[in-house]
Amino acid sequence: MKKVIGIGNALTDMLVNLRTDDVLERYNLQKGSMNLVNAQLQTAISKSVAGLPYSLSLGGSAGNTIRAMARLGCPTGFIGKVGPDKTGDFFIQALENLDIKPFVYKGSERSGKCVSLISPDGERTMMTHLGAALELAPKDIPESIFNGWDYLYIEGYLVQNRELISSVVRKAKECGLKVALDLASFNIVEENLDFLRTLVAEAVDIVFANEDEAKAFTSEAEPVNALQAISDMCELVIVKIGTRGALIKNGGEVLHAGIMAAAKRVDTTGAGDFYAAGFMTGLCKGLSLRQCGTIGAITAGRVIEVVGTTLGEDVWKEILALVRKVETEKYLF
C-alpha cells in the first residue's frame, strides 16, 4: 500500500453547539466560513457562548484527514508544530497512538486552537487562532522527511504561509511524491486566488474542492464547468457537490459518485477532511475512482452524524466492513 504524509496546522478543536445564529451576526461572521483571528477575539467569542454544550478534540484539516486514513489502515505521517504545553504533548501522543509517524516540532507560542460554532442546521463556522502552528517554517522541514512516502497531502488553510507551502511542495516533488491539495474554504480561495492557481498549475497533482471552493477558484458557477477548468491544471480533480455526491475527473475519465445518506446531519465539521481520507485511502490501495469516491462518501457520511471528528470504535468497525465490500465491488455508489 502507498503511504501519505500530511502537513497542516496542528490544532485542538472546541466544538460549540449553537441554539441560534445570533453570535455569528454579532461578530459579523459569515456562516460556513473559516476565519483567522487573534487570541483576544477568540477568547471573546468563547466567552459569548459560555454555557452552551461543547466538546474538545484533535483537529486541523490535514490532521483530520491523516488520522482518518490511519484508522482506515493507511500508513501515514504528519508534519506540524505545537506549543510547549500539555495540549501540544497530547497532540503528539494522539498521533503516536494511531501509529501516525509524527514530525511535530515545538514552538514558543501556545498550541493552536479552533473554535467551531455549529449552527442548528449542522453548518459550522470556524474561528482559528493558529498560535504555535504559525511558527512552522521551511527550515524545520528537511527534504529527507519525504523519503519513503508516495503522497504529500496539504490543507489549503496552510496558505497563510506561502513560503512554507512552496518549499515543502518543491522538496516533496524532488523526492518523487505526488501532491494533493484540499482547497479548504471558499474565503481562503478568494483571498489567495493567484497564489493557489499558480501552485495548482505548477506543482499539484490532485485537488479536492467543494462546490463553493471550486466556483471561487475558477469563477465557474456550474460544478461540471469548474471540474473541467481545474482539470486543465492538474491530473485528478474531485469536486464535492453536497447531497448530490461528487464529480471526479482524471484525464479523460469523468464520473459522478453518489453519497451515503446520514441518519442525521448533526455537524459538518470534518466532512470534507474525511471524504479526502476515504478517497486517498482508495488511491493508496490502487482502487478505481468509483471505489475511491464510495469510500470517501462512507467516511464523510459517518462523521456528519456526530459532533466533531471523533468516531466510536463501533462506527469504525461499520466503516471498515463497508470498505471491504467496496474493495470487492459489492457496495458502490
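Residues numbered from 1 in each chain as written. Predicted model: local features only at pLDDT ≥ 70, side-chain atom pairs only at ≥ 80, totals over all residues. Heavy atoms only, no water.

Enquirer: How should I be thinking about the packing of helix 11 (residues 289-303) against helix 12 (residues 313-327) in this particular structure?
Expert: For any two helices packed against each other, the geometry comes down to the angle between their axes and how far apart the axes lie. Two elements in contact, helix 11 and helix 12, have axes whose closest approach is 10 Å; the angle formed by their N-to-C orientations is 165°. On the basis of the axis angle, helix 11 is roughly antiparallel to helix 12. Of the two elements, helix 11 crosses helix 12, and the hand of that crossing is right-handed. Residues Q291, T294, I295, I298, T299 and R302 of helix 11 form the contact with helix 12, whose own contacting residues are V315, E318, I319, L322, V323, V326 and E327. (Axes fitted to C-alpha atoms, helices over the stretch in contact; angles between N-to-C directions. Helix = DSSP H or I, 4+ residues; strand = E, 2+ residues; numbered from the N terminus. Parallel < 35°, antiparallel > 145°, perpendicular 65-115°, else oblique. Left-handed = near helix turned anticlockwise from the far one by under 90°. Contact = heavy atoms within 4.5 Å.)

Enquirer: What exactly am I supposed to notice about the sheet that holds strand 1 (residues 4-7) here?
Expert: Working definition: the strands of a sheet are paired by backbone hydrogen bonds and lie parallel or antiparallel to each other. Strands sit in the order 6-5-1-9-10-11-12-13-14 across an open sheet of nine strands; the sheet is mixed. Every other strand in the sheet has two partners, leaving strand 6 (101-106) and strand 14 (253-257) as the edge strands with one partner each. The average undirected angle you get between the axes of adjacent strands in this sheet is 15°. Across three bridges, the pairing between strand 10 (residues 178-182) and strand 11 (residues 206-210) is parallel. Bridged to A180 within strand 11 is I206. Lying on the sheet, helix 4 (residues 86-97) is in contact with strand 5 (76-82) and strand 6; it crosses strand 6 at an angle near 170°. Lying on the sheet, helix 9 (residues 223-231) is in contact with strand 11, strand 12 (236-240), strand 13 (246-250) and strand 14; it crosses strand 13 at an angle near 30°. (Pairing = 2+ DSSP bridges.)

Enquirer: I'm lost on helix 4 in this one. Help?
Expert: Residues spaced three or four apart along an α-helix point in a common direction, a consequence of the helix completing one turn every 3.6 residues. Given a rise of 1.5 Å per residue, twelve residues ought to cover 16 Å, and the 16 Å separating the end C-alpha atoms of helix 4 matches this to within 8%. All of the buried residues along helix 4 are G88, F91, I92, A94 and L95. Taken down its axis, helix 4 places every buried residue within 160° of arc, on the same side. Away from its buried face by more than 90 degrees, helix 4 exposes K86 and N97. Taken together, the buried residues of helix 4 touch strand 2 (11-17), strand 4 (54-59), helix 3 (61-71), strand 5 and strand 6. (Expected span 1.5 Å × (residues − 1). Buried < 20%, exposed > 50% of the residue type's maximum accessible area, 1.4 Å probe, protein only. Arc of directions from axis to C-beta.)

All we've got here are geometric facts, nothing functional implied.
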